[in-house]
Amino acid sequence: MSEKASEKSEMSTVEFCQGALRQQIAPMSVGNVQRRIEIASRRLGWSYTRTKDTWYADPRISISPEELFRVEAVSGLHYARQEVRTNDAAIERATALLGGEDAHLFRSFFAAVLKVVGFQDRP
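Computed from a predicted model, the values in this text were never measured in an experiment.

Let's talk about the overall build of the protein
Along its length, the protein carries six helices and zero strands. Along the protein, helices and strands appear, N-terminal first, in the series α-α-α-α-α-α. Counting over 123 residues, the protein shows a buried share of 33%. For the protein, the share of sequence-separated contacts (at least 6 apart) that also reach a separation of at least 24 residues comes to 51%. For the protein, the accessible area works out to roughly 7,800 Å², and carbon and sulfur atoms hold 54% of it.

Some points on the environment of Ile 39
As for its placement among the helices and strands, Ile 39 is situated in helix α2 (residues 33-44). Along the backbone, Ile 39 and Pro 27 are 12 residues apart, and their C-alpha atoms lie at a distance of 9.8 Å. Those residues within four positions of Ile 39 in sequence are excluded, and the remaining contacts are Ile 25 and Val 30.

Some thoughts on α2
Relative to the 16 Å expected for 12 residues at 1.5 Å per residue, α2 spans 16 Å between its end C-alpha atoms, a close match to the ideal helical length. Among the residues of α2, Arg 36, Ile 37, Ile 39, Ala 40, Ser 41 and Leu 44 are the ones counted as buried. Phi turns positive, to about 80°, at Gly 45, one or two residues after α2.

Topic: helix α3 (residues 48-55)
The complete set of buried residues in α3 reads Arg 50, Thr 51, Thr 54 and Trp 55. End-on, the buried residues of α3 take up no more than an arc of 140°, which puts them together on one face.

Side note on the pattern of salt bridges
Inspection of the entire model under this criterion finds three salt bridges. Measuring nitrogen to oxygen at the nearest pair gives 2.7 Å for the salt bridge that ties Glu 67 to Arg 50. A residue pair is termed long-range when its members are at least 10 positions apart, and Glu 67 in helix α4 (residues 65-75) and Arg 50 in helix α3 qualify at 17 residues. Considered together, Glu 67 and Arg 50 belong to a single accessibility category, that of buried residues.

Considerations on the nonpolar core
Ranked by internal contacts, the top residues of the largest apolar core, which has 17 residues, are Cys 17, Leu 21, Ile 25, Leu 44, Ile 63 and Val 71. Those elements that place two or more of their residues in this core are α1 (3-25), α2 and α4. Those residues in contact with Leu 21 that sit more than four places away from it in its chain are Ala 26, Ala 40, Leu 44, Thr 51, Thr 54 and Trp 55.

Conventions adopted
Residues numbered from 1 in each chain as written. Predicted model: local features only at pLDDT ≥ 70, side-chain atom pairs only at ≥ 80, totals over all residues. Heavy atoms only, no water. Helix = DSSP H or I, 4+ residues; strand = E, 2+ residues; numbered from the N terminus. Buried < 20%, exposed > 50% of the residue type's maximum accessible area, 1.4 Å probe, protein only. Contact = heavy atoms within 4.5 Å. Areas by Shrake-Rupley, 256 points an atom, 1.4 Å probe, with all protein chains shown as cover. Expected span 1.5 Å × (residues − 1). Arc of directions from axis to C-beta. Salt bridge = Lys/Arg side-chain N within 4 Å of Asp/Glu carboxyl O. Core = buried A, V, L, I, M, F, W, Y, C linked by side-chain atoms within 4.5 Å.

Right, here's the structure in full:
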């Protein structure tokens, strides 16, 4: 993946987390913005600063897979899991195209890459 594509993907992750914070984790009914950020911080187990940066989708931050899974768990929304299913489908198509022993090697390699990235054994 190119650096620009990675940045776009990362930004969409930040935007997803921002929306989850604002709409699901700490909705408007909770109070003013500062109070909402405090509540979201407690619910996620993040620092106030980290939560505030995500709340405002600071372009300097990136969301780790663990943080994304935490946002999903607390909000009930599913962003990354759909991405993992899409990746698994792409792997299956590539495996079918390669066929035979090479396919097993390719699948093992790709599974290792996904594990390093943090997408291991997710439903």
